[in-house]
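Read off the chains here:
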Amino acid sequence: SFDALLQRIHPAASRVRKLAAETPATLIVFDLLAGADGCSLLASPLRERRRELEAFARRCLAGHPRLRLSPATTRLSEAKRWLERTGGALDGIIAKRRDLDYRPGERMAAKIKSYRSADCVVGGFRYNEGKPLVGSLLLGLYDDDGLLHHVGFTSTIANAAKPALTARLRKLVSPPGFTGNAPGGPSRWSTARSGAWHPLAPTLVVEVGYDHFSGHRFRHGTKLLRWRPDKAPRQCTMEQVRQRPAQLAQLLR
């Protein structure tokens, strides 16, 4: 959980210890680069490093509630079951070649993500920087109290579609756009331009594809899949993306 991780950040060591106790983390080990004798395993293939890692886990991780061995399998059927169970707990699963050595600085693995989509209300939009055309749509989902919360954005809009879409959105500009959590202003991760947005009447619905949802928002940009004129905005609820914390525990068993 990215939001839980943020709760642990602080410059003071005493505060860090307090936050670590309040928001504990689990370290999941997935590779071993030195053996018990201290010799480097960088040149060893993954199949050998995994055997060393499992031996290390039996010796050193047993009884530590916050240290876990990452699950691994060579069976495609089991990997597919894991992928189906990731849900909101994890992005996906990692595929690696067992015959390769460890190569620092090189991406030697592939992340396979679950395909997930959600129907969202378009609660606002931002213009492209320096252009009078829509650049991104601001997405919203309703909570159990009927409040529309800003949960992310999508900017995968075809250039050819932008002029007509911009004209359509301008006709729908109407505050407040979001009745719950709304897009904030500039932060250390954004610019003054990215904080400027225009609220819309909650009438448009889009389906977006995403890979991870945590802390009440999409953690990465989403992909615009299609418009949903057949979907009522009030049907776009948080229930679509609710996390199941037990999924992670089940996956690690």
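Preceding this section is the structure that the text describes.
Because the structure is a prediction, the values reported are computed rather than measured.

Thresholds applied
Residues numbered from 1 in each chain as written. Predicted model: local features only at pLDDT ≥ 70, side-chain atom pairs only at ≥ 80, totals over all residues. Heavy atoms only, no water. Helix = DSSP H or I, 4+ residues; strand = E, 2+ residues; numbered from the N terminus. Buried < 20%, exposed > 50% of the residue type's maximum accessible area, 1.4 Å probe, protein only. Contact = heavy atoms within 4.5 Å. Areas by Shrake-Rupley, 256 points an atom, 1.4 Å probe, with all protein chains shown as cover. Core = buried A, V, L, I, M, F, W, Y, C linked by side-chain atoms within 4.5 Å. Phe/Tyr/Trp six-rings, centres within 6.5 Å; stacked < 30°, edge-to-face > 60°. Patch = residues over 30% accessible without salt bridge, like charges linked within 9 Å, V, L, I, M, F, W, Y side chains within 5 Å. Salt bridge = Lys/Arg side-chain N within 4 Å of Asp/Glu carboxyl O. Pairing = 2+ DSSP bridges. Arc of directions from axis to C-beta. Polar contact = N/O pair within 3.5 Å; in protein donor to acceptor, adjacent residues only side chain to side chain.

Draft legend 1. Up close: the overall build of the protein. On a plain count of helices and strands, the protein comes out with six helices and 12 strands. Relative to its 253 residues, the protein shows a buried fraction of 34%. Long-range contacts, defined here as pairs at least 24 residues apart, represent 61% of the contacts in the protein between residues at least 6 apart. Of the roughly 15300 Å² of accessible surface on the protein, a fraction of 54% belongs to carbon and sulfur atoms.

Draft legend 2. Focus on the nonpolar core. Core analysis: the biggest nonpolar cluster contains 29 residues, and Leu-137, Leu-169 and Phe-218 have the highest contact counts within it. Of the residues forming this core, the biggest block, six residues, is contributed by strand β6 (residues 134–142). Beyond its immediate stretch of four places on either side in the chain, Phe-218 contacts Ala-118, Cys-120, Leu-139, Val-151, Gly-152, Val-208, Tyr-210, His-212, Phe-213 and Val-241. Leu-32, Leu-41, Leu-53 and Leu-61 belong to the second-largest nonpolar core, a separate cluster that totals six residues.

Draft legend 3. Expanded view of the packing of aromatic side chains. Taken as a whole, this structure holds four aromatic pairs when the rule is applied. Geometrically, the ring pair formed by Phe-125 and Tyr-127 is edge-to-face, given 5.1 Å between the ring centres and 80° between the ring planes. The class of Phe-125 is buried, set by a relative accessible area of 0%. Take Tyr-127: its relative accessible area is 25%, and that puts it in the partly exposed class. Considering the side-chain rings of Phe-213 and Phe-218, the 5.1 Å spacing of their centres and the 85° angle between planes classify their relative orientation as edge-to-face. A relative accessible area of 3% means that Phe-218 is categorised as buried. Members of the aromatic cluster, each reached through a chain of ring pairs, are Tyr-210, Phe-213 and Phe-218.

Draft legend 4. Broad picture of a nonpolar patch on the surface. A cluster of nonpolar side chains, contributed by Leu-33, Leu-42 and Tyr-102, occupies part of the molecular surface with about 220 Å² of accessible area. With respect to the secondary-structure elements, Tyr-102 resides in the loop between β3 (92–96) and β4 (109–113).

Draft legend 5. Unusual backbone geometry, seen in detail. Residue Pro-176 is bonded to the preceding Pro-175 through a cis peptide linkage, with omega at 10°. Note on placement: Pro-176 falls in the loop between α5 (162–170) and β8 (198–199).

Draft legend 6. Molecular detail of the pairing of strand β9 (residues 205–210). Along β9, six of the six residues are buried, which leaves the element largely enclosed by surrounding structure. Every second residue of β9 is oriented toward a common face, with Val-205, Glu-207 and Gly-209 on one face and Val-206, Val-208 and Tyr-210 on the other, all of them buried. Taken together, the six bridges between strand β5 (residues 116–127) and β9 define a ladder with antiparallel strand orientation. Across the sheet, the residue bridging to Ala-118 is Val-208, located in β9. Pairing geometry for β9 and strand β12 (residues 223–227), over four bridges, is antiparallel. Bridge pairing in β12 links Glu-207 to Arg-226.

Draft legend 7. Structural view of helix α4 (residues 76–86). Three or more residues of α4 are buried, namely Glu-78, Ala-79, Trp-82 and Thr-86. Each buried residue of α4 lies within a common arc of 100° when the element is viewed along its axis, so the set occupies one face. Opposite its buried face, α4 presents the exposed residues Leu-76 and Glu-84, each directed more than 90 degrees away.

Draft legend 8. Spatial organisation of the environment of Asp-37. Note that Asp-37 resides in the loop between β1 (27–29) and α3 (46–60). Of note is the side chain of Asp-37, whose polar atom sits 3.0 Å from the backbone nitrogen of Cys-39.

Draft legend 9. Quick peek at the pairing of strand β7 (residues 148–154). Judged by how many residues are buried, β7 sits mostly within the fold: six of seven residues are covered. As paired strands, β6 and β7 are joined by six bridges and run antiparallel to one another. Bridged to Leu-141 within β7 is His-149. Linking two consecutive strands that pair antiparallel, namely β6 and β7, is a turn of five residues; a positive phi of about 85° is found at Gly-146 within it.

All quantities given are derived from atomic positions and should not be read as evidence of function.
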